[in-house]
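What follows is each chain in one-letter form.
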Amino acid sequence: TSSIPLVLDGFLTPRKTISFSACAVQMFLSFAMGATECVLLGMMAFDRYVAICNPLRYPMVMSKAAYVPMAASSWLAGGVNSLVQISLAVQLPFCGDNVINHFTCEILAVLKLACADISINVISMGVANVIFLGVPVLFIFVSYTFILTTILRIPSAEGQRKAFSTCSSHLTVVVIFYGTILFMYAKPKSKDPLGEDKQGVSDKLISLFYGVLTPMLNPLIYSLRN
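Residues numbered from 1 in each chain as written. Predicted model: local features only at pLDDT ≥ 70, side-chain atom pairs only at ≥ 80, totals over all residues. Heavy atoms only, no water.

Going by the annotation in an unreviewed UniProt entry, the name recorded for the protein is Olfactory receptor, with Myotis lucifugus given as the source organism. In the Sequence similarities (unreviewed entry) part of its UniProt record, the protein is described as follows: "Belongs to the G-protein coupled receptor 1 family." (UniProt positions renumbered as here; feature names shortened; annotations may be inferred.)

Caption draft 1: Examining the environment of Asn218 more closely. Along the chain, Asn218 turns up in helix α8 (residues 193-222). In this view, Asn218 contacts Glu37 and Val173; residues no more than four positions away in its chain are not counted. (Helix = DSSP H or I, 4+ residues; strand = E, 2+ residues; numbered from the N terminus. Contact = heavy atoms within 4.5 Å.)

Caption draft 2: The environment of Val80, seen in detail. Looking at where Val80 falls in the secondary structure, it is placed in helix α4 (residues 64-90). According to the relative accessible area criterion, Val80 is partly exposed, its value standing at 45%. Sequence spacing of Val80 and Thr36 is 44 residues, and the spatial spacing of their C-alpha atoms is 9.9 Å. (Buried < 20%, exposed > 50% of the residue type's maximum accessible area, 1.4 Å probe, protein only.)

Caption draft 3: Just the packing of aromatic side chains, in detail. Throughout the structure, instances matching the rule amount to five aromatic pairs. Between Tyr49 and Phe146 the ring centres are 5.9 Å apart and the planes differ by 65°, which places this aromatic pair in the edge-to-face class. Of this pair, Tyr49 sits in helix α2 (residues 20-53) while Phe146 is found in helix α6 (residues 119-152), placing the two residues 97 residues apart along the sequence. When its relative accessible area of 24% is taken as the criterion, Tyr49 is described as partly exposed. You can call Phe146 partly exposed: its relative accessible area is 47%. (Phe/Tyr/Trp six-rings, centres within 6.5 Å; stacked < 30°, edge-to-face > 60°.)

Caption draft 4: Region of interest: the side chain of Asn81. By the secondary structure assignment, Asn81 is in helix α4. Sequence-distant contacts of Asn81, that is, excluding residues within four places in its chain, are made with Phe31, Ala35, Ala128 and Phe132.

Caption draft 5: Representation of the state of the cysteines. Counted according to the given criterion, the structure contains two disulfides. Between the sulfur atoms of Cys95 and its disulfide mate Cys115 the distance is 1.5 Å. Judged by the sign of its S-S torsion, about -125°, the bond between Cys95 and Cys115 is left-handed. On the criterion of sequence distance, the pair formed by Cys95 in the loop between α4 and α5 (107-111) and Cys115 in the loop between α5 and α6 is long-range, its members being 20 residues apart. The thiol of Cys53 is unpaired, and the distance to the nearest cysteine sulfur, on Cys167, comes to 9.3 Å. (Disulfide = S-S within 2.5 Å.)

Set out below in structure tokens:
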């Protein structure tokens, strides 16, 4: 969330100049945090699964010896993935006026300025999408399938409500975050110039949603149960 003021500053003054190195750092941080949150949300789905489906074993399964490596591996995976993507991007030659059609140094907007073939970048990001979007989403879906099955077996309505409230905040964040991320990175790109312009505007709005609005809502969403 510390990057939010910079994003809003870019929104209010979109013609600001940024150095190449600063742009690379901005891309790395935003990409790393996004990838890390994708993995963390998958890990949290497992946490909710254990809490609902195996409550008596929860203290043993989700002990400090388990959740610290899970969190650390999420950050490590996000950082390594971001380092790979940004390293490939900064090696490309850039030409023209180098005006980024975006509020921030978003990697997809930067790649559009490259004067060389970006097939390797596209393939690399495609693989990353499968790992950091597809796999966690599948993991979350399977976890919540078991969670829903368990909740429906609870005989009392009050018990079902309490069980659902345990994972409602996580599920809300998953829908908001993954919904915008998947729409941004997994949708087909338009080849029509007019359609590309409209798509550029939608990409900017979507990036503001998951880059600014979602982090600002997270504290509120996760405190709703309290």
